[in-house]
Amino acid sequence: YNAIWCVPASPYENMEGALAAIQYARENKVAFIGTCGGYQHAILDYARNVLGHREASHTEIEADTSFPLLTQLSCALIDAHGDIVLKEGSLIQKYYSQTNITEEYRCSYGFNADYTHLFDATDLQISGHDATGDIRAIELKNHPFFVGVAFQPERSALQGKHHPLIRAFIKAASNDLS
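Basis of the calculations
- Residues numbered from 1 in each chain as written.
- Predicted model: local features only at pLDDT ≥ 70, side-chain atom pairs only at ≥ 80, totals over all residues.
- Heavy atoms only, no water.
- Helix = DSSP H or I, 4+ residues; strand = E, 2+ residues; numbered from the N terminus.
- Expected span 1.5 Å × (residues − 1).
- Buried < 20%, exposed > 50% of the residue type's maximum accessible area, 1.4 Å probe, protein only.
- Salt bridge = Lys/Arg side-chain N within 4 Å of Asp/Glu carboxyl O.
- Core = buried A, V, L, I, M, F, W, Y, C linked by side-chain atoms within 4.5 Å.
- Contact = heavy atoms within 4.5 Å.
- Phe/Tyr/Trp six-rings, centres within 6.5 Å; stacked < 30°, edge-to-face > 60°.
- Polar contact = N/O pair within 3.5 Å; in protein donor to acceptor, adjacent residues only side chain to side chain.

Participant: Just to check I follow, could you spell out helix α2 (residues 37-49) for this structure?
Facilitator: A turn of α-helix holds 3.6 residues, and therefore any two residues three or four places apart point the same way. The end-to-end C-alpha distance of α2, which contains 13 residues, comes to 18 Å, matching closely the 18 Å that a straight helix rising 1.5 Å per residue would cover. With twelve of 13 residues buried, α2 lies mostly within the body of the structure. The complete set of buried residues in α2 reads G37, G38, Y39, Q40, H41, A42, I43, L44, D45, Y46, A47 and R48.

Participant: Looking at this model, I keep getting lost on the pattern of salt bridges. Mind explaining?
Facilitator: Pairs can form between side chains of opposite charge whenever their charged atoms are close. Summed over all chains, the structure comprises four salt bridges. When the shortest N-O distance is used, the salt bridge between R26 and D45 registers 2.8 Å. Here R26 is found in helix α1 (residues 15-28), whereas its partner D45 is found in helix α2, with 19 residues between them in sequence. R136 is paired through a salt bridge with D134; the nearest N and O atoms lie 3.8 Å apart. Judged by its relative accessible area of 7%, R136 is buried. Via salt bridges that share partners, D130, D134 and R136 belong to a single interconnected network.

Participant: Honestly, the nonpolar core in this entry has me stumped. Any pointers?
Facilitator: Generally speaking, a soluble globular protein has its nonpolar side chains buried in company with each other. Grouped together as the largest cluster of nonpolar side chains are 29 residues, with contacts concentrated most on F32, L69 and F119. Among the secondary structure elements, those contributing two or more residues to this core are β1 (3-6), α1, α2, β4 (68-86) and β7 (135-140). Of the residues forming this core, the biggest block, six residues, is contributed by α2. Look past the residues within four positions of F32 in its chain and what remains in contact with it is I4, C6, I22, A25, G38, A42, F145, F146, V147 and F169. With 17 residues, the next largest nonpolar core counts L86, I92, Y95 and F151 among its residues.

Participant: Where do I start with the packing of aromatic side chains in this structure?
Facilitator: Aromatic rings in a pair are described by how distant their centres are and how their planes are angled relative to each other. This structure, assessed with the given rule, holds seven aromatic pairs. With a centroid separation of 5.8 Å and an interplanar angle of 50°, the aromatic rings of F145 and F169 are classed as tilted. Residue F145 is located in the loop between β7 and β8 (146-149), and its partner F169 is located in helix α4 (residues 164-174); the two are separated by 24 residues in the primary sequence. An identical accessibility class is assigned to F145 and F169; each is buried. Here the aromatic cluster, defined as three or more aromatic residues joined through ring pairs, consists of W5, Y95, F145 and F169.

Participant: I would appreciate a short explanation of the environment of H163 in the present structure.
Facilitator: Mapped onto the elements, H163 comes out in the loop between β8 and α4. What makes H163 buried here is its relative accessible area of 7%. For the pair H163 and V30, spaced 133 residues apart in the sequence, the C-alpha separation amounts to 20 Å. Here the side chain of H163 touches Y96 through a polar contact of 3.2 Å, side chain to side chain. In this structure the side chain of H163 is engaged in a polar contact, spanning 3.0 Å, whose partner is the backbone nitrogen of L165.

This is the structure:
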């Protein structure tokens, strides 16, 4: 594959298959973008397969998990727009050419803030957050293009717009990543 896009609409019919595809992209430097549910599962893959937290889970799939890495948002972001601050110098910030953006969501689950410290000093970097500090974007250092976002840049097509993050993903997919 030249690229893998893990899309919204979880729970997936085969969660293990989705996680295997994400792991494949991560380990083989294949261009990857995860939007909404795909972003959530990229975080889950990293926690389980890199950090060794095999018990990490998603409450949409396992409501009574002892390790709720991904949980229901206190306020669902359905057809909502929100401001995001991108980390200066991050790849995502480079693609947008600015640090403050507004994006559209259609999401009810997200990264549980109680566990973000597990990712400190790892290659999975938090690269965007909203005004309350909730994480909205991640990226993998030392990878040509591995990005996860809580929002849905693909929804820009509904307005006939070309999204900078999707353009960057397509460009990464067209390059030889080997």
